[in-house]
Amino acid sequence: MTKRVFSGVQPTGNIHIGNYLGALKQFVQLQEDNECIYCIVDMHAITLPKDPKELRKNILDTAALYMAVGVDPSRSVVFVQSDVPGHADLAWILMCNAYTGELSRMTQFKDKNRDNESAPMGLFSYPVLMAADILLYDSDIVPVGNDQKQHIELTRDIAVRINNKYGKDTFVVPDGRFLKEGARIMALDDPMSKMSKSAESALSRISLLDEAATVKKAIMRSTTDSDGEIRFDAENKPGISNLLTIYSAFSGVPATELERRYRGEGYGAFKKDLAEVVAESLAPIKRSYAEIRQSEELIRALKDGEERANALAEKTMKRVKERIGLGR
Ligand code: ATP
Ligand code: LTN
């Protein structure tokens with residue numbers, strides 16, 4: 001039976017190989033035998049202040065990147081979150097069924113909320129909007145990186161809670177889908193924290209549109225250890241283990257085989273080869289991106305996605321409002 005798949009990426013620029021290996025790569029694979037819906041979550045992006053011009057540009061950049069990595073808008077629904085009013089509509093209903101206690105335990109909120117009193121409400125309720133994104137489309141599967149595990153659990157909890165109150169088939173209870181390899185790519189300059197779009201140092205990440213020379217510089221300078229052995233050991237050798245994961249994910253060669261191939265070699269030679277593997281993998285994405293970003297097809301695809309997503313969302317909202325007793 002085909003399953004319904006939903007996921008989203010924030011249009012915040014700097015989409016990196018962590019986003020690709022943790023999420024976007026799965027988006028493409030799942031299209032083969034599922035009904036997929038992929039969203040550019042622009043309403044999530046404004047939980048922290050954004051320059052309007054830059055945001056608008058980033059929305060189209062992100063949509064073009066989806067397509068450049070292989071998301072096919074004729075098979076999957078590709079659309080912009082704010083083009084579908086159902087997301088905010090459902091988020092309110094879910095907010096009335098979410099607890100402030102469970103939201104204050106979300107680690108992403110705790111990380112970004114340094115100044116308690118002036119943290120925007122949106123930052124606090126962000127995971128509820130994410131739950132609305134997912135539940136609005138009766139999604140079965142949500143492909144994401146490991147950092148989203150807690151948000152998926154919350155989505156499931158809210159769905160079950162509402163089903164218990166208003167009827168078992170009000171919402172489909174979704175499952176997260178995390179890859180074994182690539183679900184958590186670490187920062188190149190600090191392998192103890194995850195690779196992030198928002199980290200200050202550009203050398204911490206490899207963006208999908210980086211030039212080969214930039215890729216090489218970031219990898220050659222990446223933090224490793226001093227024992228000189230190319231061996232996977234995430235606990236004691238997080239830097240080299242992260243590089244092995246990246247190498248393996250891009251080349252398809254298992255990490256154990258890479259260990260064997262590089263036995264006795266120095267980190268320098270290994271890093272040089274890795275830089276080539278990554279740059280070669282990114283080259284076709286970059287070419288295809290440049291073409292798609294300028295094409296009319298991009299705007300047409302998003303318009304078509306908007307219509308298809310709204311049709312699905314309206315059906316769910318009608319059902320949910322009926323169950324809850326909203327409207328006439
Ligand atoms: P930031 O790092 O600034 O918090 P982000 O990259 O986590 O932003 P999104 O654009 O919403 O934010 O993430 C898109 C997808 O990429 C999500 O599924 C997320 O789990 C995944 N992802 C993000 N960072 C990594 C990473 N380092 N490794 C693997 N997957 C990741
Ligand atoms: N919260 C996610 C982005 C996101 C998402 C979603 C992912 C918003 N809505 C729905 C999957 C499904 C993040 O910060 N990475």
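Look above for the structure.
Criteria and thresholds
The residue numbering used here restarts from 1 in each chain and proceeds along that chain's sequence as written. To read the labels, note that chains go from A and ligands from 1, taken in the order they are written. The predicted nature of this model means local features are confined to residues of pLDDT at least 70 and side-chain atom pairs, given and counted, to a pLDDT of 80 or more, with totals for whole chains, interfaces and linings taken over all residues. Side-chain figures throughout are based on the complete set of non-hydrogen atoms in the structure, without hydrogens or water. By definition here, a salt bridge exists when the distance from a side-chain nitrogen of Lys or Arg to a carboxyl oxygen of Asp or Glu is within 4 Å. Numbering of helices and strands runs from the N terminus; a helix is a DSSP stretch of H or I covering at least four residues, while a strand is a stretch of E covering at least two. Exposure categories follow from relative accessible area, calculated using a 1.4 Å probe and restricted to protein chains: below 20% of the type maximum is buried, above 50% is exposed, and the middle band is partly exposed. A helix's residues, less one, multiplied by 1.5 Å, set its expected span. Throughout, a residue-residue contact means that at least one pair of heavy atoms, one from each residue, lies within 4.5 Å. In summary, the pairing rule links any two rings of Phe, Tyr or Trp, Trp by its six-membered ring, whose centres are within 6.5 Å, and it sorts them by plane angle into stacked for under 30 degrees, edge-to-face for over 60 and tilted for everything else.

A.B. asks: For this particular structure, what's the right way to read the pattern of salt bridges?
C.D. replies: Close approach of charged atoms allows side chains of opposite charge to pair. Within this structure, the stated rule accounts for 21 salt bridges. Two residues, Glu32 and Arg75, come together in a salt bridge whose shortest N-O distance is 3.7 Å. With Glu32 in the loop between helix H1 (17-30) and strand E2 (35-40) and Arg75 in the loop between helix H3 (52-69) and strand E3 (77-80), this residue pair connects regions lying 43 residues apart in the sequence. For Glu32, a relative accessible area of 55% corresponds to the exposed category. Accessibility expressed as a relative area gives 41% for Arg75, which makes it partly exposed.

A.B. asks: Just to check I follow, could you spell out helix H8 (residues 149-166) for this structure?
C.D. replies: Every α-helix carries 3.6 residues per turn, so stepping three or four residues along brings you back to the same face. The end-to-end C-alpha distance of H8 is 26 Å, a good match for the 26 Å that 18 residues give at a rise of 1.5 Å each. Those residues of H8 lying buried are His151, Ile152, Leu154, Thr155, Ile158, Ala159, Arg161, Ile162 and Asn163. Elements that come into contact with the buried residues of H8 comprise helix H4 (86-95), helix H5 (100-104), helix H6 (107-112), helix H7 (121-135), strand E4 (141-143) and strand E5 (175-177). Looking one or two places after H8, you find Gly167, whose phi comes out positive at around 125°.

A.B. asks: Would you take a moment to explain the packing of aromatic side chains for this structure?
C.D. replies: Enumeration over the complete set of coordinates arrives at nine aromatic pairs. On the basis of an interplanar angle of 85° and a centroid distance of 5.1 Å, the ring pair of Tyr262 and Phe270 is categorised as edge-to-face. Take Tyr262 and Phe270: they sit in the same class, and that class is buried. Linked through ring pairs, Phe6, Phe79 and Tyr137 together constitute an aromatic cluster.

Function cannot be read off these values alone, since they describe shape.
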